[in-house]
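Breakdown of the fold
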Amino acid sequence: SLGPKVHNAGSTADGVDAVYLPLPVAPGWESFKATVGELVDHPRLDFGGCSVTLPHKENLLRFARERGASIGPVVERAGAANTLVVDRGEDGLVSGLRCLNTDVAAAMTTIRDGLVAAGRDASLAGVRVGVLGAGGVARGLVAGLDAEGASVVVWNRNPEKASDLAESFGDGVVAVDVVDESWGRDLDVIVNATPVGMAGGPDPTGTPIPSVVDLGSMIVMDTVYAPRITPLLQRTLDEGGVALDGMAMFTAQAEAQYHAWIGHRPPAGLFDRVVAGPG
């Protein structure tokens, strides 16, 4: 994760006495509950919150509900969260918890930017979007798209999970069993919310879309940001489509997290410069 790199750069630039650390948590609800509960309750740690990624985004929402945290409507609609904020009083004791999903707004902004890049109106209303995946990231995307009035098609390698996700929303979201050549004709945007193509993931050289789908007239977004140009995005570029890498979404959601924890946005452009690296 680039989280430690960007957040520590922000706190250093702002002179904030804070450190952001990567913490592995074993899969499963009990592991997550035990770990985060100890962090929150530790009397001397001064734990201010955390980012939460796969496979624990649904577990964070469950934890927040059990602890009586403030949960925003976006989180409830998405059924998943990626940010925990621990508020403390002047005595240092926990005064409340907040559960956020900064992925949703960041993803919507990234897709709107892609529409503009393709010469289209930035509104998502009526835009036809295919979402690959049915986990926490996908659910957040579907929640945001549905709220914006987009027409959403969901596919997952487990059709039952795709159906369950679609059924939890309105008529604007449907599930399909296969990704075929019709996607290239019937959709405006495709978003990959699976780990396919991710460095170190289960299929780092693969793409989740079969070759029969024409990406030449498509806007394709990948939520994976390592590598920045995934095999799916490289194919999109080769075929003449508009490719949206996961880094734009990552920096936007990270800036929103920083604001939630620190109380203001990081220095303008800092996170973009950090992820771009030297030069």
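Before reading further, recall that the structure is shown in the block above.
For the structure given in this document, a descriptive report is provided here.

Criteria and cut-off values
- Residues numbered from 1 in each chain as written.
- Predicted model: local features only at pLDDT ≥ 70, side-chain atom pairs only at ≥ 80, totals over all residues.
- Heavy atoms only, no water.
- Salt bridge = Lys/Arg side-chain N within 4 Å of Asp/Glu carboxyl O.
- Helix = DSSP H or I, 4+ residues; strand = E, 2+ residues; numbered from the N terminus.
- Buried < 20%, exposed > 50% of the residue type's maximum accessible area, 1.4 Å probe, protein only.
- Core = buried A, V, L, I, M, F, W, Y, C linked by side-chain atoms within 4.5 Å.
- Contact = heavy atoms within 4.5 Å.
- Arc of directions from axis to C-beta.
- Axes fitted to C-alpha atoms, helices over the stretch in contact; angles between N-to-C directions.
- Parallel < 35°, antiparallel > 145°, perpendicular 65-115°, else oblique.
- Left-handed = near helix turned anticlockwise from the far one by under 90°.
- Nonpolar A, V, L, I, M, F, W, Y, C, P; charged D, E, K, R; others polar.
- Pairing = 2+ DSSP bridges.

1. Here we look at the pattern of salt bridges
- Enumeration over the complete set of coordinates arrives at twelve salt bridges.
- The partner of Arg67 in a salt bridge is Asp41, and the shortest N-O contact between them spans 2.8 Å. One end of the pair, Arg67, is in the loop between α3 (57-66) and β2 (70-71); the other, Asp41, is in helix α2 (residues 29-41), and 26 residues separate them in sequence.
- On the basis of relative accessibility, which here comes to 48%, the residue Asp41 falls in the partly exposed class.
- With a closest N to O distance of 3.3 Å, Arg228 and Asp245 form a salt bridge. Residue Arg228 is located in the loop between β9 (219-222) and α9 (231-239), and its partner Asp245 is located in the loop between β10 (242-244) and α10 (246-262); the two are separated by 17 residues in the primary sequence.
- In the salt-bridge network here, residues are joined through shared partners; they are Arg120, Arg128 and Asp188.

2. Side note on the nonpolar core
- Membership of the largest hydrophobic core comes to 32 residues, with the highest contact counts inside it found for Ile111, Val129, Val131, Val142, Leu145, Val152 and Val189.
- Put simply, the parts of the chain that give this core at least two residues each are α5 (102-117), β5 (128-132), α6 (136-147), β6 (151-155), α7 (159-167), β8 (189-192) and β9.
- Of all the elements, α6 adds the most residues to this core, at six residues.
- Not counting residues within four places of it along the chain, the set of residues in contact with Ile111 comprises Leu124, Leu145, Val189, Val191, Met221 and Leu244.
- Core analysis: the next-biggest nonpolar cluster, separate from the first, contains 19 residues, Phe47, Val52, Leu60 and Leu97 among them.

3. A word on α9
- Along α9, the positions that sit buried rather than exposed are Leu232, Leu233, Arg235 and Thr236. One side of α9 holds all its buried residues, which, seen down the axis, span an arc of 160°.
- Buried-residue contacts for α9 involve β8, β9 and β10.
- Gly240 sits one or two residues past α9 and shows a positive phi near 95°.

4. Some details on the packing of α2 against α3
- Running from N to C, α2 and α3 cross one another at 55°; their axes reach a closest spacing of 10 Å. The angle between α2 and α3 places the two elements in the oblique class. α3 is crossed by α2, and the crossing has right-handed handedness. Between α2, through Trp29, Phe32, Lys33, Val36, Gly37 and Val40, and α3, the contact on the second element is made entirely by Asn59, Leu60, Arg62, Phe63 and Glu66.
- The residue inventory of the contact of α2 with α3, partitioned by class, reads six nonpolar, two polar and three charged.

5. What about the pairing of β9?
- Burial along β9 is two-sided: the residues Ile219 and Met221 and Val220 and Asp222 are all buried.
- Bridge analysis of β8 against β9 gives four bridges, and the strand direction is parallel. Residue pairing in the sheet places Val191 in a bridge with Met221 of β9.
- Relative to β10, β9 runs parallel, the two sharing three bridges. Opposite Met221, over in β10, you have Leu244 as the bridge partner.

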